[in-house]
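So you can see what is in the structure, the chains are spelled out below.
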Amino acid sequence: MPTAGPTAVCYRHPDRPTALSCTRCGRPACPECLRPAAVGAQCVDCVRDQGTQQVTRPGFGDRGVRPVVARVRTARRPIATYTLIAINVAVFAYTVYAAGSFDVQISAPLLHGELVRGNVILGEYWRLLTAGFLHYSLIHLAVNMVSLYILGRDLEIALGIGRFVMVYMIALFGGSAAVMLLQGNETRSAGASGAIYGLMGAMLVVVLRLRISPAPVLTIIAINLVMSFTIPGISMAAHVGGLIFGAAATAAFIFAPRLLPASGRSESAANIVGWSGAALLLVTAIAISVIVAVTYSGPIMVYIR
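All residue numbers here refer to positions counted from 1 along the written sequence of the relevant chain. Where totals are concerned, whole chains, interfaces and linings use all residues; where local detail is concerned, this predicted model gives features only for residues with pLDDT of at least 70, and gives and counts side-chain atom pairs only at 80 or more. Only hydrogens and water are removed before side-chain values are computed, so all heavy atoms of the structure are retained for them.

## Things to note about the overall build of the protein chain
Numbered from the N terminus, helices here are DSSP runs of H or I no shorter than four residues, and strands are runs of E no shorter than two. A tally of regular secondary structure across the protein chain gives 11 helices and four strands. Categorising residues by exposure relies on relative accessible area from a 1.4 Å probe, with only protein chains included: less than 20% of the type maximum marks a residue as buried, more than 50% marks it as exposed, and the intermediate range marks it as partly exposed. With 305 residues in all, the protein chain has 46% of them scored as buried. Only heavy atoms enter the contact rule, under which two residues are in contact if any of them lie within 4.5 Å. Considering only residue pairs separated by 6 or more positions, the protein chain has 68% of its internal contacts joining residues 24 or more positions apart. Computed with the Shrake-Rupley method and a 1.4 Å probe, the accessible areas treat only the protein chains shown as cover for residues. Taken as a whole, the protein chain presents about 15000 Å² of accessible surface, with 65% of it coming from carbon and sulfur.

This is the structure:
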């Protein structure tokens, strides 16, 4: 009989932890809500619906992906993914408008928003965030947005809207923290790729939780890391930092609640532990950047001020 993991709770009784799940819909359920079936056991809702054929149009959430955390809030469309894409596109459109052409390399919004370590050292901390929504070219934007669309749709189902956005932002700030630690003062960095790599790390954690072979995800991550290390002009630090923090944030939501004792393992406790771990990672990522900035004592070089 399939198992749903020790931190899952019955979909009809949220106060009952369970390791069982319906063989038809995959939802975790307690023994009271399961009925014997030809193969395994099915939940009472699936048993009730059997014999009634319903034809519906496939939509968001119908691609075989299921939530991996309790109490997941999703929408009929990948609203968070679409919103993040819209924000990135809108910001790029503004940089094009400010530059008067698609050559945005010296547009004011980009110059005053991209991540330059020297500028952050001088107190321009907003760059830790704004750099993640700026792009240097239309191709740069397109590649990142296609990646966000592919990864975001499934992750938004698996994690829910709130957790998905939290993982994205933690990965973004994690990429900025790595840039502050590892790149030169005058090196320019911008783009959503740090957050995108965080989603790759999140996808790896999700497939491990679902006990699916991680080989395809590991292959994609490996290929992208090789490109980061070998192609000039790519911020290796932002990619690796985003990957690490994105994976860690997802693990906080999925695996950290397993550290709770069995007697205290409830849905509310799991949510508290998961969100607390994610919040700690977000604070850590921001703190790393701030500590690097306030403790730096060497020469300061900036791109523009």
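## Things to note about the environment of Ala 190
As for its placement among the helices and strands, Ala 190 is situated in the loop between β4 (188-189) and α8 (193-209). Using a relative accessible area of 15% as the deciding quantity, one classes Ala 190 as buried. The spatial distance from the C-alpha of Ala 190 to the C-alpha of Ser 235 is 8.6 Å, given a sequence separation of 45 residues. The contact partners of Ala 190, leaving out residues within four places of it in the chain, are Glu 114, Ala 131, Leu 134, Tyr 136 and His 140.

## Digging into the nonpolar core
As used here, the term nonpolar core means buried Ala, Val, Leu, Ile, Met, Phe, Trp, Tyr and Cys residues forming a set that is joined through side-chain atoms within 4.5 Å. Core analysis: the biggest nonpolar cluster contains 62 residues, and Leu 148, Leu 155, Tyr 168 and Leu 199 have the highest contact counts within it. Within the residue set of this core, elements represented by two or more residues are α2 (79-99), α4 (117-121), α6 (138-159), α7 (161-182), α8, α9 (215-230), α10 (236-254) and α11 (267-295). For Leu 199, the residues in contact, after removing those within four places along its chain, are Leu 148, Leu 151, Leu 155, Phe 164, Val 167 and Tyr 168. One finds Ala 29, Cys 33, Ala 41 and Cys 46 within the second-largest nonpolar core, a separate group that totals nine residues.

## Some details on the side chain of His 135
Residue placement: His 135 occurs in the loop between α5 (127-130) and α6. Taking relative accessible area as the criterion, His 135 reaches 1% and is therefore assigned buried. Only 3.2 Å separates the side chain of His 135 from the side chain of Asn 144, close enough to count as a polar contact. Those residues in contact with His 135, other than ones at most four positions away along the chain, are Asn 88, Phe 92, Val 104, Leu 110, His 140, Leu 141, Asn 144, Met 145, Gly 191 and Ala 192. For this analysis, a polar contact is any N or O atom pair within 3.5 Å, provided that within protein one partner can donate a hydrogen and the other can accept it, and provided that sequence-adjacent residues contribute only side-chain to side-chain pairs.

## Observations concerning the environment of Gly 175
Within the secondary structure, Gly 175 is located in helix α7. For Gly 175, a relative accessible area of 3% translates into the label buried. Along the backbone, Gly 175 and Gly 198 are 23 residues apart, and their C-alpha atoms lie at a distance of 8.5 Å. If we ignore the near neighbours within four places in the chain, the residues touching Gly 175 are Ala 237, Ala 238, Gly 241 and Gly 242.

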